[in-house]
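Residues per chain are reported as follows:
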Amino acid sequence: MPISHKTINSSRSQTPPLDSFGADNPTVHCERKPGLISPDWQEAFHRVFLYLQTLNVPEDKALELTREALRLASSNQRDTAGSLSIPEAMRALRELLTKQLSLLRKESFSQKGVFLHENLNGLSSMPPLKRGFMVPDAIDLIPWFTFLVRSLKSAVPIVSRPLIFLILFIFLLLLSVFLTLWK
Amino acid sequence: MNQIFVNAAWVKISRIRRIFLITIILITTVVACLFMSNILPHKGSTGLEVAMVLVFGALFAWISIGFWMAMAGFVTLMRKHDRFAITSTCAENNRQGGLSSRTAILIPICNEEVERVFTRLRITYQSLEATGKLQDFDFFILSDSTNPDTWIEEEAAWAALCQTLGAVNRIFYRHRRVNLKYKSGNIADFCRRWGKNYYYMIVFDADSMMTGHSLIRMLQVMEQNQTIGILQTAPLGVNQESAIARVQQFANHVYGPIFVAGLNFIQLGDAFFWGHNAVIRVAPFMKHCSLPRLSGNPPLGGNILSHDFVEAALMRRAGWEVWLAYDLEGSYEELPPTLLEELKRDRRWCQGNIQHMRLLFSKGLFPAHRALFLHGAMAYVSALLWFLFLSLSTAEAIVEAIRVPDYFPIMRSLFPTWPVWHPQWALTLLASTGIILFLPKFLSLLLIIFRQKRSKEFGGIIKLFLGVIAEIIFSFLFAPIRMLFHSKFVFITLMGRQVGWTSQQRSEHETSWFEAIRFHGSGMVLGLIWGTALFFINRSFFWWNIPIIVPLILSIPLSVLSSSIGLGKLFQKIGLFLIPEEINPPRELHLLQTMTQNQETSFAPTSISAKEGFTRAVVDPNINALHRSLLRKKRKLMPSIMKRRQELLEKALTQGPKTLSPKEKKELLLDPQCLLQLHERLWETLDYTIAQKWGFSPERNSL
């Protein structure tokens, strides 16, 4: 889904931003001399403005920053002949944002989330580590067999006692006699 | 084993109760088996009939366990006071007492629906805040999500939630790159990193929610009873809309209480741990409950899947008690919305529970926990036994129909031996089985109406009664379908085929006809063949099996219709299957409903859909910066990896996000440098088709 241009269009109708990057009355200027601003720079303006909107920067501040970025890009372009307006404007904006980062964060819109940088306004995803161990206890690989051996081992001392052995023997004898007779 | 806890007062009582339970189950089973053998044509004397009686005995014993537990629960709840209810150890007037220890609330997630998880977290947070004890808690979202879009969505939701609630450094988020040992590994990973900071941890599922009051109450019980290692609550199903889920939710509310009270009556300090909505004492958990890897390959070897049962057994083996706070309110969960989702979940549980059989004879485990392992496995194996019983009885019916009766089985006999069948005995057995299955349901009804006087909370006596009747019809219809699937799950698990651990579809969605045909087609064909064969070979046996054959034949429409949200809403409109939380919803559930309805706009700062996480991470400067900040520090990579990532970057830039596979997206997301480069180059692009692919509107058109 595309990024919405509704907000841009609405803001455009209220405060048209295009001028020679800093004129006092841009609307009039722009309308009277449309040829003054090239389509390339108009596109650059919208790209920069859109970026700032995506960044949750309020409209008036966004317009101000856009103008500054375009002015900076324009001056940079004069230094490096032949560069393109959108990349140049975006680079200028980044330069500007890096310089104004702390200022931006102090502004009220920072609560909506202007991160811009790896330092997230003190927001930490994890607390400091406090390492502990969690080692699994050794587990029997053949519990069935071990259980059988264990049961037999525990049965040995019982069976080895003469009295118990005798009782068991008599019981088995009686049982077999009973089963034989019953049949 | 830690000897200091062994001589607790409840231990002796629990032994007596368990011996009594086993005795009574054995007696009823033996009587039922004798009846069964007398009903059979040869009085249980042939090999086939012996097999039938044995299988029947196992099945009857299985349903008797539930029955007698429900009876115990009924008696407990009728008496109102239970001296072994763990919550009674912490007096009501003690509720306002402070907590002396820090607690972590853990929410392990894996490719879940992000908005739903964070909405629940938000409500739990606010509910806890209202108790005034929030400062003792930290929240951890422990993500194992493998879907790159979900991963970014989670990060964005976490940051937004922290900012909205002002919960910076109270709600934390961790994403594991490798989801080793699934959920248990995720929790163990938390314990190794931060476990030492906390005395207790409360584990949630993605669909869990608890009120602040119940969380505090649980911790107070833990503080009062220093011998408890795990305290489990009995979560109630809520918020369901589809027909089948509403029926399950209703059953959970009406019958659940007597079954959990019965469980507590028998288990006492040897209770279950269900893996969520429970408090765990962290130190003993870290010391004793780390799960080993079983030898051999999955499904029976490898990582332990249903970790919760094993953790409870290991905790108990170390001497710590595991209790079920069956009467604690304010603990909720959501149930699978469709039959197919329920069956998918059952397939995972089936594999995990059968895997427990390998631990059955492990040294040091308490007999009660060995029994719980057996019980867990039997929950699915019983289906296979039922299937086996039906197959054997069909074979017997066919044999009897084909074979010529032998009137003189004893040589030189003066009188013939007539084959006699006693239908009244069969009816008696059928009636007693019916009592065992359905009496607990009617006792629950009586309990609600006459003892607890809560019938108004279910819409009144008539609606409650009609709800129970309708629920019985539903369970009649779905039991054979579940039986067939569970049998299949057990069979394929024993054959060595493994299941994946995919996330569950928790939000309401309906089963399509295509899905239903795909999953239930074979069952329907089986029902048709079986029914036709019985109809022509042994007509009387056919009529006996109608309640099983008809649901199998109708399984496709039943599955589709039962998943219908419209039907569910119709039930709700006419007041059927109402639950107390719908008639008078607690504040937390009311908030959940409101927020769920408005959630589309909640977490989306741009109009790129919140679900397109990868696109947002590339396009949105905030999300891009947020994501990069949460990655590991920059590492030196091998030239081959760098080259591959550069190629991926170019592909993404020229062809757009839709051409990238999840694996490729993930690779780019793991590299902060690549992601920054992609972000910058995308915003600098002059190619409008690329911009469009990434969700930009072309500026040229808008001017």
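See the structure printed just above.
Since we're looking at a predicted model, the values are computed, not measured. Counting from 1, residues in each chain are numbered in the order their sequence is written. Written order determines the labels here, with chains lettered from A and ligands numbered from 1. Since the coordinates come from a predicted model, pLDDT governs what is reported: local features require at least 70, and pairs of side-chain atoms require 80 or more to be given and counted, while whole-chain, interface and lining totals use all residues.

*Asks:* I'm lost on the overall build of chain B in this one. Help?
*Replies:* Only runs of H or I of at least four residues qualify as helices and only runs of E of at least two qualify as strands under DSSP, and these elements are numbered from the N terminus. The secondary structure content of chain B amounts to 29 helices and 10 strands. Atoms counted for the radius of gyration: C-alpha only. Globule rule: 2.2 Å times the number of residues to the power 0.38. Expected size for 703 residues packed as a compact globule is a radius of gyration near 27 Å; at 29 Å, chain B falls within 12% of this value. Judged by the C-alpha coordinates and their principal axes, chain B covers about 105 × 60 × 55 Å. Three exposure classes are used. Buried residues have 20 or more other C-beta atoms within 10 Å of their own C-beta, exposed residues have 12 or fewer, and partly exposed residues fall in between, all C-beta atoms being placed from the backbone. Classification of the 703 residues of chain B by burial places 45% in the buried group. A pair of residues counts as a contact when their C-beta atoms, built from backbone coordinates, are within 7 Å of each other. Across chain B, every contact between residues at least 6 apart in sequence was considered, and the portion connecting residues at least 24 apart equals 82%.

*Asks:* Any chance you could explain the sheet that holds strand β3 (residues 171-175) of chain B here in plain terms?
*Replies:* All names here are of chain B. Paired strands are those between which DSSP finds at least two bridges. Pairing is mixed in the open sheet, where seven strands are placed in the order β3-β2-β1-β4-β8-β6-β9. At either end of the open sheet lies a strand with only one pairing partner, and these are β3 and β9 (321-325). On average, adjacent strands in this sheet sit at an angle of 20° to one another, irrespective of strand direction. Lines are fitted to the C-alpha atoms to define the axes, a helix being fitted only along its stretch in contact, and any angle between axes, read from their N-to-C directions, falls within 0 to 180 degrees. Across the sheet, helix α4 (residues 148-165) is in contact with β2 (137-143) and β3; its angle to β3 comes to roughly 165°. Against the sheet, helix α6 (residues 212-224) engages β1 (103-109), β4 (200-203), β6 (228-233), β8 (278-281) and β9, with an angle of about 150° to β6.

*Asks:* How should I be thinking about the environment of Leu219(B) in this particular structure?
*Replies:* All names here are of chain B. Mapped onto the secondary structure, Leu-219 falls in helix α6. C-beta crowding within 10 Å serves as the criterion here: with 24 such atoms nearby, Leu-219 is assigned to the buried category. Expressed as a C-alpha distance, the spacing of Leu-219 and Met-201, which sit 18 residues apart in the sequence, is 9.6 Å.

*Asks:* I keep staring at the sheet that holds strand β7 (residues 236-237) of chain B and nothing clicks. Help me out?
*Replies:* Where strands meet in a sheet, backbone hydrogen bonds hold them as pairs that are either parallel or antiparallel. Residue and element names in this part refer to chain B. Taken together, three strands build an open sheet; the order of strands is β5-β10-β7 and the sheet is mixed. At either margin of the open sheet sits one strand with a lone partner, and together these are β5 (209-210) and β7. With two bridges joining them, β5 and strand β10 (residues 331-333) adopt antiparallel strand pairing. The partner of Met-209 across the bridge, within β10, is Tyr-332.

*Asks:* Can you help me understand the packing of helix α1 (residues 9-39) of chain B against helix α13 (residues 423-451) of chain B in this one?
*Replies:* Between two packed helices, what matters for the description is the angle formed by their axes and the separation of those axes. Residues and elements named next belong to chain B. Where α1 contacts α13, the axes come no closer than 9 Å and their chain directions differ by 145°. Both α1 and α13 take part in a crossing whose hand is left-handed. Facing Ala-32, Phe-35, Met-36, Asn-38 and Ile-39 of α1, the residues of α13 in contact are Trp-425, Ala-426, Thr-428, Leu-429 and Ser-432. Residues are grouped as follows: Ala, Val, Leu, Ile, Met, Phe, Trp, Tyr, Cys and Pro are nonpolar; Asp, Glu, Lys and Arg are charged; every other residue, Gly included, is polar. Classifying every residue of the contact of α1 with α13 by side-chain character gives seven nonpolar, three polar and no charged. A crossing counts as left-handed when the near helix is turned anticlockwise from the far one by less than a right angle, and as right-handed when that turn is clockwise.

*Asks:* Is there a simple way to explain helix α3 (residues 39-54) of chain A in this structure?
*Replies:* Note that an α-helix has 3.6 residues per turn; residues three or four places apart therefore point the same way. Residues and elements named next belong to chain A. Take the residue count of a helix, subtract one, and multiply by 1.5 Å to get its expected span. An ideal rise of 1.5 Å per residue puts 22 Å on 16 residues; α3 measures up with 22 Å between its terminal C-alpha atoms. Among the 16 residues in α3, 13 count as buried, and that is most of the element. Once α3 ends, the next one or two residues include Asn-56, with phi positive near 70°.

*Asks:* Is there a simple way to think about the pairing of β2(B) in this case?
*Replies:* Every other side chain in a regular strand lies on the same face of the sheet, so the side chains alternate between the two faces. Residue and element names in this part refer to chain B. Extensive coverage of β2 is indicated by the burial of seven of its seven residues. Note: β1 against β2, seven bridges, orientation parallel. The partner of Pro-108 across the bridge, within β2, is Leu-142. The path from the first strand over the helix to the second decides the hand: if it runs clockwise while the strands point away from the viewer, the crossover is right-handed. For the handedness criterion, the β-α-β arrangement of β1, helix α3 (residues 114-131) and β2 is classed as right-handed. Sheet topology note: the β2/β3 ladder contains five bridges and is parallel. Residue Leu-142 lies in a different strand from β3, and its bridge partner there is Arg-174. Following the backbone out of β2, through α4 and into the adjacent parallel β3, one traces a crossover that is right-handed.

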